[in-house]
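Tertiary structure, described
Here is what each chain is made of, one letter per residue.
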Amino acid sequence: MLRFSQILFAGVAMLFASPLFAQLSVPEIPYDSAPNLLKLPDNLYMGEAVGVATNSKGHIYVFTRTGSSNVTTGTNRAFVRSSSRLFEFDQTGKYVREMGQGLYGFIFAHSVRVDPQDNIWVIDEGSNMVIKFDPDGHVIMTMGRKPEAIRVPAAPPPMAAPFPAPGGNPPAGPGGGPAREGAGPGPVREGGGPAREAPTGAGAPGDNFDRPTDVAWDATGNIFVADGYNNSRVAKFDRDGKYIKSWGSRGTLPSQFHTVHSIATDAKGNVYVGDRENRRIQVFDNDGNFKSMYINVGAPWAVCITPGQHQYLYSSNSNGTADMENGEIYKMELDGKILGKFGTAGKQLKEFGSVHEIDCRNQNEIYVGELTNWRVQKLTLHLEQAK
């Protein structure tokens, strides 16, 4: 049976790797980067810029790992808080305000998104929470629950497969929490025991997230949560946060995942999942039925779909946190056809240091949040000059 599954998967991979999915020549897209984009006040600094998003006014939101971790230790547990920060800038990059300073659910930032109503959603990997702010900065919905304590030292879930990030797993940070991308805490629920409900990564029904990574919505407001590192699933909720269903488990077959790192939806409600360690984008219909996969754009650390009548898909084959390999970003049609690519890993302007999130509200003017360069870049693409 195992041999048959391997042969079947090999056949599926060959199918999706043929003509459309295996372009021999990819045009290079010329682009510019705006220097000195964000202006922070004195004595306020940017850390790892893991999340970036814009609203309808062009304001820029950055979710960053730049706070001071407050750790209270017990005999074998540590209580961690306040190491994520959410900054808002206007369309010129001028600092506007900080939102959620000292918030209970801010531990280890992962991404930020802005919905069509200009609500701001943050995904905190350390607290296992998705938090929704209204445009005025008030918390109006929470999903998931922050662990009451974190094990010291952190322990992997029983029977779980290893899940290293590109570049390897760095040591754990204070309190057993993740010191860098790819390492993570082993949260325990009330009463003790590991948070993982299923060793396969299928998770438990509901918003019992285990290191979630991203969020997206369809046209009716249904919520899709990428969950994530320890779980290997997509969880679907209605617009009010009521659980509908989830799909996925840990593995390499279609509809299985190995680090659900990014997620986006198109106008038809299809769901695009950045399956990072499997180095592919998987596409599902609105109910989670597998439709297609794209295996020719490297490891999708960040995916984004533009609005408008003709939508485009961006995917970043980011370099790992300990190397300077790859780093290019692809612009694609929704069917997987590559229109071009741009960028490479590096530390200078127009180079990328582990792109962790992309905002593509305007199809040829995008923002990228960089993990290892501690910055956001605004990029203007010149697709008409692509060669």
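Residues numbered from 1 in each chain as written. Predicted model: local features only at pLDDT ≥ 70, side-chain atom pairs only at ≥ 80, totals over all residues. Heavy atoms only, no water.

**Considerations on the pairing of strand 21 (residues 290–294)**
In the sheet, strand 20 (residues 280–284) pairs with strand 21 via 4 bridges, with the strands oriented antiparallel. Bridge pairing in strand 21 places phenylalanine 284 opposite phenylalanine 290. (Pairing = 2+ DSSP bridges. Helix = DSSP H or I, 4+ residues; strand = E, 2+ residues; numbered from the N terminus.)

**Some points on the confidence of the model for the protein chain**
The pLDDT averaged across the protein chain works out to 85; a share of 77% of its residues lies at or above 70. Ignoring residues within four places in sequence, the model shows residues 17–21, a span with pLDDT below 50, making 13 contacts including any to other chains. Note that pLDDT drops below 50 for residues 157–199; the model gives that stretch 111 contacts with residues more than four away or on any other chain. (pLDDT = per-residue confidence, 0-100. Contact = heavy atoms within 4.5 Å.)

**Thoughts on the sheet that holds strand 25 (residues 338–342)**
Strand order in the open sheet made by the 4 strands is 22-23-24-25, with antiparallel pairing throughout. Bordering the open sheet on either side are strand 22 (300–305) and strand 25, each of which pairs with just one other strand. Neighbouring strand axes in the sheet, compared pairwise and without regard to direction, differ in orientation by 20 degrees on average. Inspection of the sheet shows strand 23 (residues 312–317) paired to strand 24 (residues 329–333) by 5 bridges, in the antiparallel sense. Residue pairing in the sheet places serine 315 in a bridge with tyrosine 330 of strand 24. (Axes fitted to C-alpha atoms, helices over the stretch in contact; angles between N-to-C directions.)

**Observations regarding the packing of aromatic side chains**
Summed over all chains, the structure comprises 13 aromatic pairs. Taking 5.3 Å as the distance between ring centres and 55 degrees as the angle between the ring planes, the aromatic pair formed by tyrosine 31 and phenylalanine 342 counts as tilted. Of the two residues, tyrosine 31 sits in strand 1 (residues 31–33) while phenylalanine 342 sits in strand 25, which places them 311 residues apart along the sequence. With respect to burial, tyrosine 31 and phenylalanine 342 carry one shared label: buried. Members of the aromatic cluster, joined through ring pairs, are Phe224, Trp247, Phe257, Phe284 and Phe290. One Lys or Arg, arginine 211, reaches over the ring of tyrosine 229 and ends 4.2 Å from the middle of that ring. The lysine or arginine in question, lysine 331, covers the ring of tyrosine 312, its NZ or CZ lying 4.4 Å from the ring centre. (Phe/Tyr/Trp six-rings, centres within 6.5 Å; stacked < 30°, edge-to-face > 60°. Buried < 20%, exposed > 50% of the residue type's maximum accessible area, 1.4 Å probe, protein only. Lys NZ or Arg CZ within 6 Å of the ring centre and 35° of its normal.)

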